[in-house]
Amino acid sequence: VLFTMLVYSRRRRRYVDSLYRQTLQSLSGCGPDNEEASTTISSPLAAVDAGEECSDAPSAITDPRLFEIIDNVMQRSELVFNPEFSLQVLSREVDSNVSYVSRAINEGYGVNFKTVLAQRRIAEACRRLSDPALNERYSIEGIAAEVGFKSRATFSVAFKTITGLTPTEFRTAARRDKVQKT
């Protein structure tokens, strides 16, 4: 029984470590090796600006200028980390109608506002959980609150959905990764 538990534990650890590395690669700017990069979510405009073809992006965005403004707010503004941030707040920020903003997000990102917001917040949480200085000072609840989640349960569900790991598993893998690199 002890041997079986040891084998299972090692397999689980390797699995968690591999998911951790995949998450760092998939969430751009989400890792200690890429500290200067901003935590971004996939944007069709970024692919176009880089001269890349974005095959999974919708073919036409109703108002590309509006989407560019929205994308700028979602990528660079600290407003997204406010727990009260909503589609209405975003609409006021970009000075547009809620329906237009929602349509631009759906067409531009290919997902709804809540998914885009969760991805942005989780990308920032990953960056913070991967940062050794922040990793030691803050609890998972503290990081969840700083990136805009009102409860640890909501944060954990969103984190697991997006990364495939729980925040604790991610943090543990980040600590192991730090030790292996030193």
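Calculation criteria
- Residues numbered from 1 in each chain as written.
- Predicted model: local features only at pLDDT ≥ 70, side-chain atom pairs only at ≥ 80, totals over all residues.
- Heavy atoms only, no water.
- Helix = DSSP H or I, 4+ residues; strand = E, 2+ residues; numbered from the N terminus.
- Buried < 20%, exposed > 50% of the residue type's maximum accessible area, 1.4 Å probe, protein only.
- Lys, Arg positive; Asp, Glu negative; His and termini not counted.
- Salt bridge = Lys/Arg side-chain N within 4 Å of Asp/Glu carboxyl O.
- Contact = heavy atoms within 4.5 Å.
- Axes fitted to C-alpha atoms, helices over the stretch in contact; angles between N-to-C directions.
- Parallel < 35°, antiparallel > 145°, perpendicular 65-115°, else oblique.
- Nonpolar A, V, L, I, M, F, W, Y, C, P; charged D, E, K, R; others polar.
- Expected span 1.5 Å × (residues − 1).
- Arc of directions from axis to C-beta.
- pLDDT = per-residue confidence, 0-100.

### What about the side chain of Arg121?
And step 1. As for its position among the elements, Arg121 is in helix 6 (residues 113-130).
And step 2. It turns out Arg121 is buried and unbridged, and the closest side chain with the opposite charge, Glu84, is 8.5 Å from it.
And step 3. Dropping the residues within four chain positions of it, Arg121 is found in contact with Val80, Phe81, Asn82, Pro83, Phe85, Val147, Gly148 and Phe149.

### Remarks on the packing of helix 9 (residues 152-163) against helix 10 (residues 167-181)
And step 1. Helix 10 packs onto helix 9 with a crossing angle of 65° between their chain directions and a minimal axis gap of 9 Å. In terms of axis orientation, helix 9 runs roughly perpendicular to helix 10. Together, Arg152, Phe155, Ser156, Phe159 and Lys160 of helix 9 and Pro167, Thr168, Glu169 and Phe170 of helix 10 make up the contact between the two elements.
And step 2. The class makeup of the residues in the contact of helix 9 with helix 10 is four nonpolar, two polar and three charged.

### A short note on the environment of Leu66
And step 1. Among the secondary structure elements, Leu66 is positioned in helix 3 (residues 64-76).
And step 2. When near neighbours in sequence (up to four residues on either side) are disregarded, Leu66 contacts Val94, Ser96, Tyr100, Val101 and Ala104.

### Topic: helix 9
And step 1. With twelve residues, helix 9 should cover 16 Å at 1.5 Å per step; its first-to-last C-alpha distance of 16 Å lies within 8% of that length.
And step 2. Where helix 9 is concerned, the buried positions are Phe155, Ala158, Phe159 and Thr163. Viewed along the axis of helix 9, the buried residues span an arc of 105°, placing them on a single side of the element. Facing away from the buried surface of helix 9 by more than 90 degrees, the exposed residues are Ala153, Val157 and Thr161.
And step 3. Buried positions along helix 9 lie against helix 1 (2-26), helix 6, helix 8 (140-146) and helix 10.

### Details of the confidence of the model for the protein
And step 1. Averaged over the protein, the pLDDT score is 80; the fraction of residues at 70 or greater is 80%.
And step 2. Averaged over each element, pLDDT in the protein is lowest for helix 2 (residues 44-49) (41) and highest for helix 4 (residues 87-93) (96).
And step 3. Across residues 29-40 the pLDDT falls below 50, and counting only partners more than four positions away or on other chains, this stretch makes 26 contacts in the model.
And step 4. Segment residues 43-59: pLDDT under 50, and 17 contacts once partners within four positions in sequence are set aside and those in other chains are kept.

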